[in-house]
Structures are given as structure tokens and as C-alpha cells.
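A structural walkthrough
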Amino acid sequence: MSTTIYGIKNCDMMKKAFAWLDAQGIAYTFHDYRKSGISPDTLARWCDRLGWQALVNTRGTTWRKLDPAQQAIASAADAIALMAAHTSVIRRPVIETASGGIVAGFDTERLTALFAQDGAHR
């Protein structure tokens, strides 16, 4: 597995992440989970590593359009079901490296640390 960036192609945060990865010379594959979906197993793995709170974007349009019952997340299982059904509610980007390092959201300091730890797979 190489570095994979997960998200939605036309998102502004994704565009920043693509530009940052390209500028650093980091090879990656892109997984558009709006078009290709995302497996509950992948979401569970991310929740185990980051916690579901780091993955659910509660500031976006998709979240605001959900009814209060859908927003009432009480567990990782609830979050996984919500993210699988409404992929646009997943924080973007999620970047996973070949060695299993993972970050959610665009933050250059966290990305720099992630790839320094990972050996940068350039």
C-alpha cells in the first residue's frame, strides 16, 4: 500500500492537500469516497486510530442538513454508519501512509510530522 489520500475531488481542503503533497514530491493515490464509497472496515480502522470525533466534520453543510437524530452520535458504530451513509460528513482529507500513519484534516505541521516519521515515501 502506498500513501493514499481520501476525500472529494473538488473540496478546497483537498486541493490544498494535493498541492502540498505534489510540492513535497510525495507520490500518492487518490480515493474519491463520494464516487467510490468507503468501506465500514476502513472507517472502523480510522476510528480505532484517530477516534470518531476526529473524523466527523460537524462544521460542514452535510452535517447541518442532518436531522438531530442523525447528529446524535453515541458511539464509534454510530459514527461509522453515519459516515458510510453520508461520506461528505467525513473530515477531509484523510491521508494514510504505507506504514499505517494517518491524519485527518489539512494541517501542514501534522503532515510534515507524518511523512518525517514515515520516511516520506517519495
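One structure accompanies this document, and this report is about it.

1. A short note on the overall build of the protein chain
When helices and strands are counted, the protein chain shows eight helices and four strands. Secondary structure of the protein chain in N-to-C order comes out as β-α-β-α-α-α-α-α-α-β-β-α. Relative to the globule expectation of 14 Å for 122 residues, the C-alpha radius of gyration of the protein chain, 14 Å, shows essentially globular dimensions. Principal-axis analysis of the C-alpha atoms places the extent of the protein chain at approximately 45 × 25 × 25 Å. In the protein chain, which comprises 122 residues, the share counted as buried stands at 44%. Considering only contacts in the protein chain between residues 6 or more positions apart, those separated by 24 or more positions represent 60%. As displayed, the protein chain offers around 6,500 Å² of accessible surface, 50% of which is attributable to carbon and sulfur atoms. Looking at the protein chain, you have 14 positive and 11 negative side-chain charges, and the mean spots of the two groups are 7 Å apart.

2. What to know about the packing of helix H3 (residues 40-50) against helix H7 (residues 76-85)
Where H3 meets H7, the closest approach of the two axes is 10 Å, and the angle between their N-to-C directions is 130°. Our classification of the angle between H3 and H7 gives oblique. Between H3 and H7 lies a crossing of right-handed hand. Across the interface between the two elements, Pro40, Leu43, Ala44 and Cys47 from H3 touch Ile80, Met83 and Ala84 from H7. Its residues assigned to classes, the contact of H3 with H7 comprises seven nonpolar, no polar and no charged.

3. Topic: the sheet that holds strand E3 (residues 94-96)
Strand order across the open sheet formed by four strands is E2-E1-E3-E4, with mixed pairing between neighbours. Of all strands in the sheet, those bounded by a partner on one side alone are strand E2 (29-32) and strand E4 (102-104). This sheet shows a mean twist of 15° between the axes of neighbouring strands, independent of strand direction. Relative to E4, E3 runs antiparallel, the two being bridged by three bridges. Note that in E4 the partner of Glu96 across the bridge is Ile102. Sitting on the sheet, H3 touches strand E1 (4-7), E3 and E4, and the angle it makes with E4 is about 90°.

Definitions and limits used
Residues numbered from 1 in each chain as written. Predicted model: local features only at pLDDT ≥ 70, side-chain atom pairs only at ≥ 80, totals over all residues. Heavy atoms only, no water. Helix = DSSP H or I, 4+ residues; strand = E, 2+ residues; numbered from the N terminus. Rg over C-alpha atoms; globule rule 2.2 N^0.38 Å. Buried < 20%, exposed > 50% of the residue type's maximum accessible area, 1.4 Å probe, protein only. Contact = heavy atoms within 4.5 Å. Areas by Shrake-Rupley, 256 points an atom, 1.4 Å probe, with all protein chains shown as cover. Lys, Arg positive; Asp, Glu negative; His and termini not counted. Charge placed at Lys NZ, Arg CZ, Asp CG, Glu CD. Axes fitted to C-alpha atoms, helices over the stretch in contact; angles between N-to-C directions. Parallel < 35°, antiparallel > 145°, perpendicular 65-115°, else oblique. Left-handed = near helix turned anticlockwise from the far one by under 90°. Nonpolar A, V, L, I, M, F, W, Y, C, P; charged D, E, K, R; others polar. Pairing = 2+ DSSP bridges.

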